[in-house]
Each structure stands twice: as structure tokens, then as C-alpha cells.
Amino acid sequence: MPSYFYRARDQRGDAHEGVQVAASEDEVVRALERAQLFPIFIESHAAERPAGLGGAATWWAQLVQRQKSHVKPVSVALFMRQLATMTGAGLPVVRSLNSISRDLPDHKLARILVRVAESVQRGEALSTALARHPGAFDDVIVSLVHTGEVSGTLDRILDQTASYLERAEALRLKVRGAMLYPVVVSVIMVGVLAGMLLGVVPMFAEIYQRFRVSLPWPTRALVATSTVLVQHLPMALLAGVAGFGLAGYAGTTAAGRRWLDRLRIRMPLFGSVVRLYAISRFSRALGIMTASGTQILHALKVIGPITGNKVVEQGVDQVRAQVEGGSSLARAMEGSGVFPDMLVQMTGTGEETGELDAMLARTADFYEQRLAAKVDGLSSLIEPLTVILLGAMVAVMLLALYFPIFSLGQAMRSGLGAP
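Description of the structure in this document. Please read all numbers here as calculations on a predicted model, not as lab measurements. (Residues numbered from 1 in each chain as written. Predicted model: local features only at pLDDT ≥ 70, side-chain atom pairs only at ≥ 80, totals over all residues. Heavy atoms only, no water.)

**Focus: the overall build of the protein chain**
A count of helices and strands for the protein chain gives 17 helices and three strands. Split into buried and exposed, the 419 residues of the protein chain put 40% on the buried side. For the protein chain, the computed accessible surface area is about 22200 Å², with 61% contributed by carbon and sulfur atoms. (Helix = DSSP H or I, 4+ residues; strand = E, 2+ residues; numbered from the N terminus. Buried < 20%, exposed > 50% of the residue type's maximum accessible area, 1.4 Å probe, protein only. Areas by Shrake-Rupley, 256 points an atom, 1.4 Å probe, with all protein chains shown as cover.)

**Points about empty space enclosed by the protein**
Across all of its chains, the model carries three cavities of 30 Å³ or more by this definition. The computed volume of the largest cavity comes to approximately 40 Å³. Lining the largest cavity, in full, are Tyr164, Arg167, Ala168, Leu171, Ser280, Arg281, Arg284 and Glu368. Those elements that place two or more of their residues in the lining of the largest cavity are α8 (154-211) and α12 (271-291). Ranked by residues supplied to the lining of the largest cavity, first place goes to α8 with four residues. Partitioned by chemical class, the residues of the lining of the largest cavity number three nonpolar, one polar and four charged. (1 Å grid on protein atoms, 1.4 Å probe; cavity = no way out; pocket = protein on both sides within 12 Å on 5 of 7 lines; lining within 4 Å. Points joined across faces, edges and corners; volume = space filled by probe spheres on them. Nonpolar A, V, L, I, M, F, W, Y, C, P; charged D, E, K, R; others polar.)

**So, the environment of Ala254**
Residue position: Ala254 is located in helix α11 (residues 254-265). Judged by relative accessible area, Ala254 falls into the partly exposed class, the value being 45%. Each C-alpha atom of the pair Ala254 and Lys310 lies 8.1 Å from the other, and the pair is 56 residues apart in sequence.

**Side note on the packing of aromatic side chains**
Evaluation of the coordinates by the stated rule reveals three aromatic pairs. Centre to centre, the rings of Phe366 and Tyr367 are 5.4 Å apart; their planes meet at 65°, and the pair counts as edge-to-face. With a relative accessible area of 2%, Tyr367 lands in the buried category. (Phe/Tyr/Trp six-rings, centres within 6.5 Å; stacked < 30°, edge-to-face > 60°.)

**Looking at the nonpolar core**
Ranked by internal contacts, the top residues of the largest apolar core, which has 76 residues, are Phe137 and Phe339. Top contributing element to this core by residue count: α12, with ten residues. Filtering out sequence-adjacent residues up to four positions away, Phe339 remains in contact with Arg275, Ile279, Phe282, Val312, Gly315, Val316, Val319, Met333 and Val344. One finds Phe204, Ala205, Ala400 and Leu401 within the second-largest nonpolar core, a separate group that totals 15 residues. (Core = buried A, V, L, I, M, F, W, Y, C linked by side-chain atoms within 4.5 Å. Contact = heavy atoms within 4.5 Å.)

**A few points about the pattern of salt bridges**
Applying the stated criterion to the full structure yields twelve salt bridges. With its nearest N and O atoms 2.7 Å apart, the salt bridge here joins Arg81 to Asp159. Residue Arg81 is found in helix α3 (residues 73-88), and its partner Asp159 is found in helix α8; the two are separated by 78 residues along the sequence. The class of Arg81 is partly exposed, set by a relative accessible area of 23%. Overall, the relative accessible area of 36% leaves Asp159 in the partly exposed class. Ionic contacts of the salt-bridge type, sharing partners, join the residues Arg167, Arg284, Asp365 and Glu368 into one network. (Salt bridge = Lys/Arg side-chain N within 4 Å of Asp/Glu carboxyl O.)

**Some remarks on a nonpolar patch on the surface**
Together, Leu180, Val183, Val184, Val187 and Ile188 make up a nonpolar patch on the protein surface, roughly 440 Å² of accessible area in all. Relative to the elements of secondary structure, Ile188 occurs in helix α8. (Patch = residues over 30% accessible without salt bridge, like charges linked within 9 Å, V, L, I, M, F, W, Y side chains within 5 Å.)

Here it is in C-alpha cells:
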């Protein structure tokens, strides 16, 4: 019988997690409800792996499953805004869900909403129904919806959640756009380099060999590189594919993700953008969850993954452990060494004044403004820089190829002028 990993909360808001052996996910939900636990997250446990699957095959199966269940964040943000508007107008939740599912352009999310509406129609809470689809609704969304249901302010919480998701999506697209440009230019540079090494350089090498021209060292190095690449092209392609596959596999492991995310934070130019993005997401999510009345320990537990960086997520886990041991939030954040001093100071002020949610919201605004300015500055810097690098690469290769032609022309003129 398969087993399922679950995260749940009791009536006091305390977090629980464990593994439940059951025939289906529905049976896990019913077992948790009998134990008076509210399920937040349920997924198939690693013990459910099909027999005979190796590590690579299992990784591929998990990757395919994630792609099937994943929903675009922009679609989730649009759905939450529509649901907030309709419930705020007094429409029942089931009717709102069915109406949104018919008009939603994202068909995958529309099918999920149909199942959510059926669950709510059977008497389940909206948050419980949403928690069944972690590929679309993360723990933060589920926790906020649950808080709104318990407090009787579901329409207001949905409106706040929609605003949070819209801001998060706008920030994500801005950062992704800044990161995408150099990647595209790098791919173009690699394509140009490969085209010249595989097509242009061999033609020139054949001409030089025919005329037995003495080649300068830059040309010899270029021709040697081209010859090795042409002779071992299948192996080079295989090595490239294996490298991408290994990087993808490393990204699915905890140690690999930490190493890659640490590398991203330390990158020149882009490292500060990655760190600012993670910190701003943490500040915004923690602010909105504390404003909704969510218990701080539970908020810290569910916020870590949405930062998008394992290094910051590890820091959040350390903070939660220290707060659970009796430390203040600001002191725990300072001790982690992950969070900037301004965020620590604003958090401490919020704890002292009882306005933690407002201080976190102001801090998130500040970091988002800094991030937007940094992204704009990087975009204006990267565009001319990449053009210069691409032009320099092509110029160096062309000069290396044409140096022997100049020498050949001089030799031919000297031969024609000899008596």
C-alpha cells in the first residue's frame, strides 16, 4: 500500500507532519480530519517509487509528474483575483468556482477548479480542497484561505492574497526578463562560435594546408580547436547533453539545489538580484501572513520554499527553530546570517511596537523598489556589454583567420615581382 507525506495543523495552529499509509490521498485527508488535523500539504512518499526504477528513471518520473501538476503562477493570480471579486460581491464559493473554471484560459487550472468545486460541494472547506492540488496552490495560499475561513473574513483575505500573488508575479516576470536576456545572448554566442568552428574555420584550414602557409599561433590554436571539435563532434554533443542532464538532476536533490543556489547568490552582477528577490518575497509573504493572523511558527514553516532559494530557505528554517526555542524573530534572523540588517532592524521594531505586519510590508516595498531599480540598471548595462562581447569574439576569430591570408598575399606579390 502506498504511503503519503503530509503537513497539517491542529485547532490551536500547531504544525504536524508525518507519513500516513493509505490506499489514496482521499483516505489520508479523512484520517487527518478524524484526528482533528487540518491538512495543508499531501504528496506521495518516496517509498511509493515503482520497483525497478533507478535514480535517473525516478528523477525523470518525478519531473514529468511535476510538469503535469504545475500551473502557471500568472493563472493562479488571475483566479484568486476573480474569486476575491466574486465572493466579495456575495456569490457562493461553489458557484464562483464553476463560473471561473468555464472562463479561465488556462485549461489545466480550469480542470483543477472543477474538482475543487466538487469537493466544496461535498462539504469540504475551500482550503482543504485547494490543498489537494499543491502544484497549483502552495502552502502560503492554503494557509491564508484557511485563516480567512476560520476568522470569517474570507473575502478580505482572498483580496489580500490576490494582491500578494499579483505583486509576486510582476516581480518574478521582471527578474526573469533580466535573467533571460544574457542567457539568450549567450546561446547566440555559442551558436555563432560553433558555426564558425564547424563550418568556416575548416574551409580556411584546407586553403592554408594547400598553400602551405606558415600560420601564426592564434590561427594554429583556432584551427586545432576546430579540428578536435569536428573529429569528436558526437562525443562533444553527448558531453553537452550529459552536462545539462546532470545539472538538471542536481537541481532536484537538496544538496545540489543548495550548491546551485549558493552559486547564484555569488554570481557577479546577478547575485545581488537573486538575493534581493528572495528576501523581498520572504518579507512580503511573512507580512501578509502575520497580518491575516497566521501563527508565526506556521508562517515560517510554509514560507521557506516560496523564496525560490535553498540558501534563504535554510536560513528561514534556522530562524523558525530558534523562535520555537524562545528567541525573538529579529534576534533569530540576525543569528542566521542570511537576512540583511535593515530587515532585521525593521522586524525588531515591529515586534516592539506590535506592528510587525506593517513593518514587514514597508520593508518588502523598499526591497521591491531596490530590486526594480537594480534590474533596470542591469538591463541598461548588459545590452551594450553583450553586444561588445559578441562583436569582440567574432572580430578576434576573423582576425585569426585572415592573418595568414595577408601573409599569403604578400608572398604572392613578392613572387610576382621577383626577376
